Structure formats: C-alpha cells, structure tokens
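Chain by chain, the residues run as shown.
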Amino acid sequence: MLLLTVTLPVFLVLGFGYLASWRGWIGETAIDGVMKFSQGFAIPCLLFLAIARLDLAQEFDLALLGSFYAGALAGFFAGLFGARLIFGRSWEDAVAIGFVGLFSNSLLLGLPITERAYGPDALQANFAIIALHSPFCYAVGITAMELVRARGGGLRQLPGKVLKGMGRNALILGIALGALVNVSNLPMPEVLVEALELMARAGLPTALFGLGGILYRYRPEGDMRVILYVVAVSLVLHPAVVWGLGSLAGLKLEAFRSAVITAAMAPGVNAYLFASIYGTAKRVAASAVLIGTAASIGTATLWLALLP
C-alpha cells in the first residue's frame, strides 16, 4: 500500500483525463489543445531548464546510459523480430511494433514516479536519460523504417530524412537548446528563467491529464497476442536487461533506481505517433500504449518493491 501511494497519484491524474473524455466533460479538440500545450511548449521548457542546469560531466555516466539504451535496443529488436518471425507481420509493421518496445514513457510516467518515490533530488539521472531519449529512439526508428521502405535503394537521402524527422520534435529542440546553454555557459535573465519555470511547472500535470484523454480514444481491438507480447517486452524485458547490465556495471544506487524505473514504464504516446507517421501498425501501437499504461500501475509498483 505504501508503494501504491507513490504510483497511484500519477495514474489518478491520468485517470481524471480519461474520465473527463469518457463522460464528455471535455472534447477531443480541447484534449488535443492540452497535449499540444504540454508537449509543444511546457515540457520543452521543463527539459530546457533541466538540461541547462545539469552537471553534464557528472550525470552523463556511460554505465547509466549504456545500461538503459542497451535495454531499449533489446526491446526494439525483440519487438521487431517477434512481430516478423512469430506473428508474421510485414517489415513495416515490425519496425513500428519494435518502436513500441523501444520507447518507454520516460517523461510523463518515469519522472513523476521517480520523484514521488525518491524526491526531486533523485531526478538527475532521469534527465540524463531523457536528454538522449527522443533523439536516440527516433534516430533508431526512422533509420530502421526508411531502410525497410527503401529495400536497399535510395539510401543517400536517409541522413536527411532522419534529421528532418528529429528536427520537427519540440522535445528534441528543447533538449538541444538546453545543452547549448549548458555548454556555452550562456547567462539567462532571471525574469526569463522565472517565466520558463512557470511554464515548466504546468508541464507534467497537463500532460498526464491530456494523456488520459488521448488514451480514451484507443480501443484494444484485435491483434491481442502481438499487443500483449510487446507490452511484456516493454514492462518486463527492458527493465530486466537494465537491471542486469546496471548491476554488472556497478551503477550508483540513485542512477540504478532511475534507470530501472524509467525502463519499466509503459510505451509512450510517441509509439503511436511514430506508427501514425508511417501509417502502419497503428492499432497495435495505440492498444499497447493503453494496455501497457494500465498494467504499469501494478508492474511499476512491483519494480519499486524489488529495488533496494
């Protein structure tokens, strides 16, 4: 029950958004506006400030990042080859399903759950992971999808397509600008910092509420075997790999906790957005986000119980 008090408030805010959409108290257009504000403005401000203030030399630990992203790649390839070889999906579908296993919800679920479990001072490793999360995952996903679609031809345009796809992402832009300020030691006016902090404070609650509203639209229709498979990859395989590699690498306790909790989060909405961009495996991605988010109430609590 003590651990549930850590995870439940996060999922209750998400549930409020789901309930509001279900009962018709807020329309789809309004939910889209909430998500556009949170993911296009407020959360980029949060990431900008976090990366600008991050001690890059201390927090960008190769053992931390290597453990987490090796686990993410394990999830991607398990989803990719499982979809292709076990379930007989097309290569395009397989890449989109692999992206579901790759992209855990590090931001909307990983951050608030880590903060509630261990306090705001425990978030430095989370932000180090998040700084590379969208760039890394989109680079892997876009590259794999373009390779599959090219079927060996037209690869000269591949780098441009990858960079163009990443450059449109507001989260990546916020991270990049924060890193630029951090590296250059560029001073920021206090009034600007306060304005950004006001925006940043609104980011997570509005995003969680909006995510609940978005999830109401998704119905787990068909493809249940592949959906449950990729949800298991996301909620079990990814954190298990991170746990094993992090233990071997001797990660510090704070970083180890952040890496495992972040890896144990359900697939993020970006998994559905990626499938939508390419028009493939959208039902699997959408249902995996919904079912994975619901299941992670229990699995996140279990992983917290197992952590030292």
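Scope of this entry: the structure provided in the associated data block. Note that the structure is a prediction, hence the values are computed from the model and not measured. (Residues numbered from 1 in each chain as written. Predicted model: local features only at pLDDT ≥ 70, side-chain atom pairs only at ≥ 80, totals over all residues. Heavy atoms only, no water.)

**Focus: unusual backbone geometry**
Consideration 1: For Asn185, which is not glycine, the phi torsion reads 55° and is therefore positive.
Consideration 2: Notably, Ala281 is not glycine yet its phi reads approximately 55°, a positive angle.
Consideration 3: The residue Ala281 is located in the loop between α13 (269–278) and α14 (282–306) in this model. (Helix = DSSP H or I, 4+ residues; strand = E, 2+ residues; numbered from the N terminus.)

**Quick look at helix α4 (residues 62–86)**
Consideration 1: When the terminal C-alpha atoms of α4 are compared, their 34 Å separation across 25 residues agrees well with the 36 Å that a helix rising 1.5 Å per residue should span.
Consideration 2: A side-chain oxygen of the first residue of α4 lies 3.0 Å from the backbone nitrogen of Ala63; this N-cap is Asp61.
Consideration 3: Remark: Gly88 follows α4 within two positions and exhibits a positive phi of approximately 65°. (Expected span 1.5 Å × (residues − 1). Polar contact = N/O pair within 3.5 Å; in protein donor to acceptor, adjacent residues only side chain to side chain.)

**Things to note about the pattern of salt bridges**
Consideration 1: A complete count under the given rule lists four salt bridges for this structure.
Consideration 2: In this structure, Arg89 and Asp223 form a salt bridge, with 3.3 Å as the shortest nitrogen-oxygen distance. Of this pair, Arg89 sits in the loop between α4 and α5 (91–102) while Asp223 sits in the loop between α10 (190–216) and α11 (224–249); the two residues are 134 residues apart in sequence, bridging distant segments of the chain.
Consideration 3: Residue classification places Arg89 among the buried positions, given a relative accessible area of 15%.
Consideration 4: What you see here is one network of salt bridges that share partners, running through Arg89, Asp93, Asp223 and Arg283. (Salt bridge = Lys/Arg side-chain N within 4 Å of Asp/Glu carboxyl O. Buried < 20%, exposed > 50% of the residue type's maximum accessible area, 1.4 Å probe, protein only.)

**With respect to the environment of Phe274**
Consideration 1: Looking at the element boundaries, Phe274 is found in helix α13.
Consideration 2: Given a relative accessible area of 0%, Phe274 falls into the buried group.
Consideration 3: Once the C-alpha coordinates of Phe274 and Gly141 are considered, the two residues, 133 residues apart in sequence, prove to be 8.1 Å apart.

**Examining the packing of α4 against helix α7 (residues 124–150)**
Consideration 1: At their nearest, the axes of α4 and α7 sit 11 Å apart, and the two run at 35° to each other. Our pair here, α4 against α7, has a crossing hand that is right-handed. In this structure, α4 contributes Leu64, Leu65, Phe68, Tyr69, Leu73 and Phe76 to the contact, and α7 contributes Ala125, Ala128, Ile129, Leu132, His133, Phe136, Val140 and Ala144.
Consideration 2: The class makeup of the residues in the contact of α4 with α7 is 13 nonpolar, one polar and no charged. (Axes fitted to C-alpha atoms, helices over the stretch in contact; angles between N-to-C directions. Left-handed = near helix turned anticlockwise from the far one by under 90°. Contact = heavy atoms within 4.5 Å. Nonpolar A, V, L, I, M, F, W, Y, C, P; charged D, E, K, R; others polar.)

**Focus on a nonpolar patch on the surface**
Consideration 1: On the surface, Phe77, Phe81, Leu85, Ile86 and Trp91 cluster together to form a nonpolar patch covering roughly 510 Å² of accessible area.
Consideration 2: Among the elements that line the nonpolar patch, the one with the most residues is α4, at four residues.
Consideration 3: With respect to the secondary-structure elements, Phe81 resides in helix α4. (Patch = residues over 30% accessible without salt bridge, like charges linked within 9 Å, V, L, I, M, F, W, Y side chains within 5 Å. Areas by Shrake-Rupley, 256 points an atom, 1.4 Å probe, with all protein chains shown as cover.)

**Comments concerning the packing of aromatic side chains**
Consideration 1: Summed over all chains, the structure comprises 14 aromatic pairs.
Consideration 2: Both rings, one in Phe103 and one in Tyr138, keep their centres 6.2 Å apart while their planes meet at 70°; by these two values the pair is edge-to-face. With Phe103 in the loop between α5 and α6 (106–118) and Tyr138 in helix α7, this residue pair connects regions lying 35 residues apart in the sequence.
Consideration 3: When the ring centre of Trp22 is taken as reference, the NZ or CZ atom of Arg23 above it lies at 5.3 Å. (Phe/Tyr/Trp six-rings, centres within 6.5 Å; stacked < 30°, edge-to-face > 60°. Lys NZ or Arg CZ within 6 Å of the ring centre and 35° of its normal.)

**Observations concerning empty space enclosed by the protein**
Consideration 1: Considering all chains together, one arrives at one cavity of 30 Å³ or more under this definition.
Consideration 2: Volume-wise, the largest cavity comes out at about 140 Å³.
Consideration 3: In terms of lining residues, the largest cavity is bounded by 16 residues, among which Phe103, Ser106, Leu107, Leu171 and Asn270 are the most central.
Consideration 4: Counting residues per element, the ones that place at least two in the lining of the largest cavity are α2 (28–53), α6, α7, α9 (170–184) and α13.
Consideration 5: The class makeup of the residues in the lining of the largest cavity is eight nonpolar, eight polar and no charged. (1 Å grid on protein atoms, 1.4 Å probe; cavity = no way out; pocket = protein on both sides within 12 Å on 5 of 7 lines; lining within 4 Å. Points joined across faces, edges and corners; volume = space filled by probe spheres on them.)

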